[in-house]
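Remarks on the overall topology
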Amino acid sequence: MIKEFKEFISRGNVIDLAVGVIIGGAFGKIVTSLVDNILMPLIGLLLGGINFSDLSFKVKDATIAYGLFIQNIVDFLIVALCIFLIIKAINKISKIGKKKEEPKKEEKPAKSNEVILLEEIRDLLKKSNKKWEIYSFSFLNDIFSFIMNI
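Now for a quick tour of the structure. Just so it is clear, the structure is predicted and the values come from calculations on it, not from any experiment.

**Some points on a nonpolar patch on the surface**
Taken together, the side chains of Phe 57, Val 59, Ile 64, Tyr 66, Phe 69, Ile 73, Phe 76 and Leu 77 define a hydrophobic patch exposed on the protein surface, amounting to about 780 Å² of accessible area. Looking at the nonpolar patch, the elements with two or more residues in it are β1 (57-59) and α3 (66-100). Ranked by residue count, the leading element in the nonpolar patch is α3, at five residues.

Rendered as structure tokens:
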């Protein structure tokens, strides 16, 4: 069991996930600080000196702090925007890498003598029947016109 756990924990995906969670947590703290200490005070100033962290109302003994909720929404939107931009950049980089790789052209297998002969026969039959197709199409067209004029 210890050996299986060691194999599991040493896989690249688990280590990458752990690094992502740690960096994401640190990034979340930075964004929270940006929202709480810089953006929300500036937004509050633009809206007439409102302090969002103080916005709340009471219902009996419960305090509903909707100002903090607004701050958390702004916090979430900034994190979501950053993640969107990072994923967009990664997709763009991966597309550039894919464009450089030229697709391998598949070589068609050489045609056998039988296939070449059958294609020649087909082409000759098409040429000889083309004359009859023109007449039959013209005849059908005349019948259709006659029916439509009745």
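Moving on, there is more to tell.
**Things to note about the side chain of Gln 71**
In this fold, Gln 71 is placed in helix α3. Classification of Gln 71 by relative accessible area gives buried; the value is 8%. Among all residues touching Gln 71, those that are not within four sequence positions of it are Val 35, Asp 36, Met 40, Phe 52 and Ser 53.

**Observations concerning the side chain of Asp 75**
Topologically, Asp 75 is positioned in helix α3. One buried charged residue, Asp 75, remains without a salt bridge, the closest side chain of opposite sign being Lys 29 at 12 Å. Beyond its immediate sequence surroundings of up to four residues, Asp 75 is in contact with Val 31, Thr 32 and Val 35.

**Quick word on the environment of Val 31**
Summarising the element assignment, Val 31 is placed in helix α2 (residues 12-46). Taking the relative accessible area as the measure of exposure, Val 31 reaches 3% and is therefore buried. Along the backbone, Val 31 and Val 74 are 43 residues apart, and their C-alpha atoms lie at a distance of 9.7 Å. Residues in contact with Val 31, not counting those within four places in the same chain, are Asp 75, Ile 78 and Val 79.

**Here we look at the pattern of salt bridges**
Applying the stated criterion across every chain yields a total of two salt bridges. Between Glu 119 and Lys 111 there is a salt bridge whose closest N-O contact spans 3.1 Å. Residue class for Glu 119 comes out partly exposed when judged on its relative accessible area of 25%. Between Arg 122 and Asp 123 there is a salt bridge, with the nearest N and O atoms lying 3.3 Å from each other. Using a relative accessible area of 42% as the deciding quantity, one classes Arg 122 as partly exposed. Judged by relative accessible area, Asp 123 falls into the partly exposed class, the value being 36%.

Criteria and thresholds
Residue positions within a chain follow its written sequence, with the count starting from 1. pLDDT decides what is reported in this predicted model: residues at 70 or higher carry local features, side-chain atom pairs at 80 or more are listed and counted, and totals for whole chains, interfaces and linings draw on all residues regardless. Side-chain measures were taken over the full set of non-hydrogen atoms in the model, leaving aside hydrogen atoms and water. For patches, a residue must show more than 30% relative accessible area and have no salt bridge; joins then use 9 Å for like charges and 5 Å for nonpolar side chains, namely Val, Leu, Ile, Met, Phe, Trp and Tyr. Surface accessibility follows the Shrake-Rupley procedure with a 1.4 Å probe radius. Residue values consider only the protein chains on display as shielding. Salt-bridge detection follows one rule: a side-chain nitrogen of Lys or Arg within 4 Å of a carboxyl oxygen of Asp or Glu. Only runs of H or I of at least four residues qualify as helices and only runs of E of at least two qualify as strands under DSSP, and these elements are numbered from the N terminus. Note on exposure labels: buried denotes an accessible area under 20% of the residue type's maximum, exposed denotes more than 50%, and partly exposed covers the range between, all computed with a 1.4 Å probe on protein chains only. Working rule for contacts: check all heavy atoms of both residues, and any pair within 4.5 Å makes them a contact. Lys and Arg are tallied as positive, Asp and Glu as negative. Neither His nor the chain termini are counted.

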